[in-house]
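For reference, the chains in residue letters:
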Amino acid sequence: MKLSEKVLAMQFSPIRKFNPIAQKAKDAGKKVYHLNIGQPDVPTPEVFMDAIRAYDKKVIAYAESGGNTELQDAVIDYFKGYGVDFERKNIIVTTGGSEALTMTFIALLNPGDEVIIAEPFYTNYHTFATAAGGKVVPITTKAEDGYHYAKREQIEACITDKTKAIVCISPGNPTGTVLTLDEMKLIGEIAKEHDLWIIADEVYREFAYDDREVTSFSMLPEYADRVIIVDSVSKRHSACGARIGLLISKNEEFMTNTMKIAQGRLCSSTVDQVGAAALFRLPKSYYDEVKAEYCARRDVVYEELMKIPGVVCQKPGGAFYMTAKLPVDSVEDFLMFLLTEFDDNGETVMFAPAEGFYATPGLGKDEMRIAYVLNKEDMRRGVELIRLGLEAYNKKNNK
Ligand SMILES: Cc1ncc(COP(=O)(O)O)c(C=O)c1O
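Residues numbered from 1 in each chain as written. Predicted model: local features only at pLDDT ≥ 70, side-chain atom pairs only at ≥ 80, totals over all residues. Heavy atoms only, no water.

S.K.: Describe the side chain of histidine 237, with residues and values.
M.R.: One can find histidine 237 in the loop between strand S7 (227-232) and strand S8 (245-249). Judged by its relative accessible area of 0%, histidine 237 falls in the buried class. With sequence-adjacent residues up to four places away left out, histidine 237 is seen in contact with Thr44, Pro45, Ser232, Leu279, Phe280, Leu282, Tyr286 and Tyr287. (Helix = DSSP H or I, 4+ residues; strand = E, 2+ residues; numbered from the N terminus. Buried < 20%, exposed > 50% of the residue type's maximum accessible area, 1.4 Å probe, protein only. Contact = heavy atoms within 4.5 Å.)

Below is the structure:
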């Protein structure tokens, strides 16, 4: 008996793969600061729990395949706040942004088709694309350039007759890079000239710091027929376990045909949709508060990282991640050392090695991703442990 080539070509999540080793460290009594996974500690807004508590149906029935209309209407009103008009037919509620991406790739890709993504990118795109028979073609970006990629020559060099779409994750995971409206327009122009789809992964939409505007591809009506927006309550509403995402597009052919996939999987969680509708009705002040907290954490992480000799990293503009180059040959080897050999007063730290966020073999071996999802004090201590760990690691290796 044989498994499919597709599943064999997939990789394990680099974010979770060191968990068993971290568990061993914990079993041995060490405290591990988890900077490896994008699981925020910010409380889920009370309105979510209130809406679920008020749910008084006798039967938890299937929802509509496209989603519950109260949630769709809440999403429509939320986008009106950014001057964008959607209708219910433009929205399919999904089981997390992950299912929205899976559906999108199934709907767009034939075997061998390519999607362009700036690397390093959210690692599960490998899985989504491979499951649909497609292939990720990376635009390589660098720590030294703040992982920016919106340059015409760089993007066009990746386009072949197999290219179907350009994926834009902004604000980005794992880099925190935020596209400006001008960069988005350039990508829109390129997509139009080459007749490509734009998959806009905006699950971190409001988390744009300093003076950066909140941007969305939905704000560019001239490209509306080729834009597919992926959204989710996981990050911005701190509700990862609610598993509610959205697929939003004004392209009727895409929405009509993707509805076949949505119907095939019946529906997304009925009860979680009730809570999610309340989340999309939160006032703007909610986002401002959460954003201020993440921004302050980013500053702490950056400040602490800059104390480590040899670290290369630019202060990112959004999301809650930072990718940085460390002065080691193998970040995976260093992480193993942190989890198995090192501690400072019984404490150690865990981050995600960045290699798995690249599609180009060999890249990212000396980079790590930090998720600043713990409070400022813990983040400061976490990065301090990386600094102390590096000193101990270099000593051990006689550097
Ligand atoms: C860029 C990006 N897109 C999509 C997702 C999927 O999130 P979910 O399925 O929880 O909505 C994540 C999760 O980390 C992400 O970082």
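There is more to say after this.
S.K.: Tell me what's going on with the sheet that holds S7, and back it up with residues and numbers.
M.R.: Sheet strands pair by backbone hydrogen bonding; their relative direction is either parallel or antiparallel. Strands sit in the order S2-S8-S7-S6-S5-S3-S4 across an open sheet of 7 strands; the sheet is mixed. Two strands bound the open sheet, and with one partner strand each, they are strand S2 (91-94) and strand S4 (135-140). Here the average twist between neighbouring strands, direction ignored, is 25°. (Pairing = 2+ DSSP bridges. Axes fitted to C-alpha atoms, helices over the stretch in contact; angles between N-to-C directions.)

S.K.: Go over the pattern of salt bridges with me, naming the residues and quoting the values.
M.R.: Under the definition given, this model contains 34 salt bridges. As a salt-bridge pair, aspartate 113 and lysine 164 come within 2.9 Å of each other at their nearest N and O atoms. Taken as a pair, aspartate 113 in the loop between helix H5 (96-108) and strand S3 (114-119) and lysine 164 in strand S5 (residues 163-169) lie far apart in primary sequence, 51 residues in all. The salt bridge involving aspartate 231 is made with arginine 205; its shortest N-O contact spans 3.0 Å. Of this pair, aspartate 231 sits in strand S7 while arginine 205 is found in the loop between strand S6 (197-201) and S7, placing the two residues 26 residues apart along the sequence. The pair aspartate 231 / arginine 205 is uniform in exposure class, with both members buried. Look at the salt bridges and you will find they share partners, linking Asp344, Glu347, Arg381, Glu384, Arg387 and Glu391 into a network. (Salt bridge = Lys/Arg side-chain N within 4 Å of Asp/Glu carboxyl O.)

S.K.: Outline empty space enclosed by the protein, listing residues and values.
M.R.: If you walk through the whole model with that rule in mind, you get 2 cavities of 30 Å³ or more. By volume, the largest cavity is sized at about 120 Å³. In terms of lining, the largest cavity is formed by 18 residues, of which the most central are Ala118, Pro120, Tyr149, Ile169 and Thr175. Breaking the lining of the largest cavity down by element, the ones donating at least two residues are S3 and S5. In terms of residue class, the lining of the largest cavity is made up of 11 nonpolar, 6 polar and 1 charged. Size it by volume and the second largest cavity reaches roughly 30 Å³. If you go around the second largest cavity, the residues you meet are Cys168, Ser170, Met184, Ala200, Glu202, Thr215 and Phe217. (1 Å grid on protein atoms, 1.4 Å probe; cavity = no way out; pocket = protein on both sides within 12 Å on 5 of 7 lines; lining within 4 Å. Points joined across faces, edges and corners; volume = space filled by probe spheres on them. Nonpolar A, V, L, I, M, F, W, Y, C, P; charged D, E, K, R; others polar.)

S.K.: An account of the sheet that holds strand S11 (residues 352-353) is needed here, citing residue identities and associated values.
M.R.: Overall, antiparallel pairing links the 3 strands, which are arranged S9-S12-S11 in an open sheet. Looking along the sheet, the strands with just one partner apiece sit at the ends: strand S9 (321-325) and S11. By the bridge criterion, 2 bridges tie S11 to strand S12 (residues 367-371) in an arrangement that is antiparallel. Note that in S12 the partner of alanine 352 across the bridge is arginine 369.

S.K.: Talk me through the packing of helix H11 (residues 284-305) against helix H13 (residues 376-396); I want residue IDs and the actual numbers.
M.R.: Helix packing for two helices is described by the angle between their axes and how far apart those axes are. Packing of H11 against H13 leaves a shortest axis separation of 9 Å and a crossing angle of 20°. As far as their axial angle goes, H13 and H11 are roughly parallel. Considering the relative orientation of H11 and H13, their crossing is right-handed. Listed contacts from H13 to Glu293, Ala296, Arg297, Val300, Val301, Glu303, Glu304 and Leu305 of H11 are Lys376, Met379, Arg380 and Val383. Per-class residue counts for the contact of H11 with H13 are 6 nonpolar, no polar and 6 charged. (Parallel < 35°, antiparallel > 145°, perpendicular 65-115°, else oblique. Left-handed = near helix turned anticlockwise from the far one by under 90°.)

The values reported here are purely geometric and, on their own, carry no functional implication.
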